[in-house]
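Chain by chain, the residues:
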Amino acid sequence: MTPKLFSLAMNEISDRYIEEALSYQVRAKSNWGKSLLRFALAACLAIVIGFGTVLAVSAEAREIVFGWIKEQYETFTHYEYYEEEKNDNSDIDISALFVPHRLTEVPTGYKEIVGEFDEEIGQQFTVYQNEEGKMCFVSAASGGNTFVESNGYTIQPIEVAGVTGELYIPDDPTMDSTIVWMKENMFFYISGYFTPEELVYYAERLQPVSAQETESVDKVPLSELEGEE
Amino acid sequence: MEDIEIIELFFVRDQQAITELDAKYGRVCHKLSYQILNNQFDAEECVNDAYLGTWNAIPPARPNPLLTFLCKIVRNLSIKRYHANTAIKRNSLYDVALSEVEHDVMAPDSVEGEMEAKALSKLIENFLDSLSLENRVIFMRRYWFSDSYEEISMRVGLTEKNISVRLTRLRKQLKDHLVQEGVLI
């Protein structure tokens, strides 16, 4: 089979696959952030939200400006780790700045079912689920991207863990809420079927732990949760 | 303007139809063509040719959805030009996407011989049907629309690394599928 044959075969693909790929803009279920996309058409508002206290931790880091950029699109918010190297010779491993976190108190009735850590970009992702099948997503990251759906949500500033974070309150009370905040150069995210007070309560209980502690629970890969082979 | 109104303009042979079509879908078409050809001029010509093709097809056609119909024309014309320009160094996103498939899916030994694109497309459709919606979209966005990893990640809400891993798995699954179907040995 030649690339040309593959290319021509793709031309013959049924319209329904093309339509599906054209119209797909939101994930079927929550993950790093239930993103929506109208990227090409969306207006971009970029704000550097924070510069890390990591500057005091590493001498190499002083050559780099750290921060998280928030971009508000039409239907979602994009939080992205931003790094600008001022010294071309500096070579810092951003993932090394990652500090594992864990809820010291798991929401009542929920059980941890997924725990993943992407070493390359320093993103930790944990999923809890209760008997009704409702899920709670928790992430802590020192790099990478997170998307939060904002369409149908009211975004409010909120005090959490000693900093000002953002609360995504759904217009439809049957939908899940989200809280995000940035602290010590890390980005945190909790999403679930909780009241704002409960979200803040659990956010306060997302605490740094040793790497060993994060491996103490039997977990399944995220791909299995998503129904992949 | 709604698609149905644009189509009505085509039916009454009003050239405003092309203007409206371009205003509504011009960017999508141009991006699709450019990602295959990596050349603004060629892409522009393909999109204009696609508008002409649409003008000739409607009526009698009354495509629904209009965008899918238009994208197919744009892609077909762009792929034709892509293969016609073999001597030109292209280095487009389509080249990169195709090289991934060539590396992971193509095999030196195959029995497809003079297999027609139509027959292979049926096998690819069977493969797509076996995937989750999300993976199907990732595959199509990469190998039909030639989207970059970044663009796909923004569309489906996964990291670029995750997209890369998924596509590697998908290519392997496609290869296994084609081996199972006797296309590749």
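None of these values were measured; they are calculated from a predicted model.

Looking only at helices and strands, chain B features 9 helices and 0 strands. Written out in order from the N terminus, the α and β elements of chain B read α-α-α-α-α-α-α-α-α. A total of 185 residues make up chain B; the buried ones form 52% of that total. For chain B, the share of sequence-separated contacts (at least 6 apart) that also reach a separation of at least 24 residues comes to 64%. About 8600 Å² of surface is accessible on chain B, with carbon and sulfur atoms providing 51% of the total.

This part covers the sheet that holds strand S12 (residues 186-192) of chain A. Residue and element names in this part refer to chain A. Strand order in the open sheet formed by 7 strands is S5-S6-S7-S12-S11-S10-S9, with antiparallel pairing between adjacent strands. In this open sheet, the two strands that pair with only one neighbour each are strand S5 (110-118) and strand S9 (153-160). Taken pair by pair, the neighbouring strands of this sheet meet at an average axis angle of 15 degrees, ignoring direction. Two strands pair when backbone bridges link them, and strand S10 (residues 163-170) and strand S11 (residues 177-183) are joined in this way by 3 bridges, in the antiparallel orientation. What sits directly across from Tyr168, in S11, is Thr178. On top of the sheet, helix H3 (residues 196-204) reaches S9, S10, S11 and S12; it is set at about 35 degrees to S11, its chief contact.

Helix H7 (residues 133-143) of chain B packs onto helix H2 (residues 15-23) of chain A with a crossing angle of 95 degrees between their chain directions and a minimal axis gap of 9 Å. On the basis of their axis angle, the class for H2 of chain A and H7 of chain B is roughly perpendicular. For the pair H2 of chain A and H7 of chain B, the contacting residues are Tyr17, Ile18, Glu20, Ala21 and Leu22 of chain A in the first and Leu133, Arg136, Val137, Met140 and Arg141 of chain B in the second. A per-class count over the contact of H2 of chain A with H7 of chain B returns 7 nonpolar, no polar and 3 charged.

With that settled, consider the packing of helix H3 (residues 40-57) of chain B against helix H4 (residues 66-84) of chain B. Residue and element names in this part refer to chain B. In the contact formed by H3 and H4, the axes pass within 9 Å of each other and the chain directions differ by 130 degrees. Comparing their axes, H4 and H3 come out oblique. When the axes of H3 and H4 are compared, the crossing they make is right-handed. Counting all contacts with H3, which are made through Asp42, Glu45, Cys46, Asp49, Ala50, Tyr51, Gly53, Thr54 and Ala57, the residues of H4 involved are Phe69, Leu70, Ile73, Val74, Leu77, Ser78 and Arg81.

It is worth spelling out helix H9 (residues 160-180) of chain B at this point. Residue and element names in this part refer to chain B. Helix length check: H9, at 21 residues, gives a terminal C-alpha distance of 30 Å against a target of 30 Å (1.5 Å per residue), a fit within 8%. Three or more residues of H9 are buried, namely Asn162, Ile163, Arg166, Leu167, Leu170, Arg171, Leu174, His177 and Leu178. On an axial view of H9, the arc spanned by its buried residues comes to 165 degrees, and they lie on one face. Residues of H9 that are exposed and point over 90 degrees away from its buried face: Lys172 and Gln180. Positive backbone phi, at 80 degrees, marks Gly182, one or two positions downstream of H9.

By the definition in use, this model includes 9 aromatic pairs over all chains. Note on Phe127 of chain B and Phe139 of chain B: the rings are 5.5 Å apart at their centroids and 70 degrees apart in plane angle, and the pair reads as edge-to-face. Taken together, the residues span a long stretch of sequence, with Phe127 of chain B in helix H6 (residues 117-129) and Phe139 of chain B in helix H7 at a distance of 12 residues. For Phe139 of chain B, a relative accessible area of 1% puts it in the buried group. One aromatic cluster is present, formed by Phe6 of chain A together with Phe127, Phe139 and Tyr143 of chain B through successive ring pairs. Positioned above the aromatic ring of Trp55 of chain B, the side-chain terminus of Arg13 of chain B is 4.1 Å from the ring centre. A cation sits over an aromatic face here: Arg141 of chain B above Phe145 of chain B, 3.9 Å from the ring centre.

A few words on helix H1 (residues 3-11) of chain A. Counting buried residues in H1 of chain A gives 7 out of 9 residues, a clear majority hidden from the surface. Looking at H1 of chain A, one finds that the buried residues are Pro3, Leu5, Phe6, Ser7, Ala9, Met10 and Asn11 of chain A.

Residue and element names in this part refer to chain B. Confidence along chain B averages 84 in pLDDT terms, with 90% of residues attaining 70 or more. Mean pLDDT across the elements of chain B ranges from a minimum in helix H5 (residues 93-104), with 76, to a maximum in helix H1 (residues 3-11), with 92. We note a pTM of 0.49 for the whole complex and an ipTM of 0.81 for its interfaces.

Turning next to the pattern of salt bridges. Residue and element names in this part refer to chain B. Counted under the stated rule, the structure contains 19 salt bridges over all chains. Here Arg81 makes a salt bridge to Glu45, at a shortest N to O gap of 2.7 Å. Of this pair, Arg81 sits in helix H4 while Glu45 sits in helix H3, placing them 36 residues apart in sequence. Across the salt bridge formed by Asp176 and Lys172, the nearest N and O atoms sit 3.1 Å from each other. Linking Asp176 with Lys172, this pair stays in helix H9, spanning 4 residues, or about one helical turn. You can call Lys172 exposed: its relative accessible area is 53%. Via salt bridges that share partners, Lys31, Arg141, Asp147 and Glu151 belong to a single interconnected network.

All names here are of chain B. Topologically, Asp147 is positioned in the loop between H7 and helix H8 (149-156). Side-chain polar atoms of Asp147 contact the side chain of Gln35, separated by 3.5 Å. Of the polar contacts made by the side chain of Asp147, one reaches the side chain of Arg141; its length is 2.7 Å. The residues touching Asp147, leaving out its near neighbours within four places in the chain, are Lys31, Gln35, Arg141, Arg142 and Ile152.

Definitions and limits used
Residues numbered from 1 in each chain as written. Chains lettered and ligands numbered in written order. Predicted model: local features only at pLDDT ≥ 70, side-chain atom pairs only at ≥ 80, totals over all residues. Heavy atoms only, no water. Helix = DSSP H or I, 4+ residues; strand = E, 2+ residues; numbered from the N terminus. Buried < 20%, exposed > 50% of the residue type's maximum accessible area, 1.4 Å probe, protein only. Contact = heavy atoms within 4.5 Å. Areas by Shrake-Rupley, 256 points an atom, 1.4 Å probe, with all protein chains shown as cover. Pairing = 2+ DSSP bridges. Axes fitted to C-alpha atoms, helices over the stretch in contact; angles between N-to-C directions. Parallel < 35°, antiparallel > 145°, perpendicular 65-115°, else oblique. Nonpolar A, V, L, I, M, F, W, Y, C, P; charged D, E, K, R; others polar. Left-handed = near helix turned anticlockwise from the far one by under 90°. Expected span 1.5 Å × (residues − 1). Arc of directions from axis to C-beta. Phe/Tyr/Trp six-rings, centres within 6.5 Å; stacked < 30°, edge-to-face > 60°. Lys NZ or Arg CZ within 6 Å of the ring centre and 35° of its normal. pLDDT = per-residue confidence, 0-100. Salt bridge = Lys/Arg side-chain N within 4 Å of Asp/Glu carboxyl O. Polar contact = N/O pair within 3.5 Å; in protein donor to acceptor, adjacent residues only side chain to side chain.

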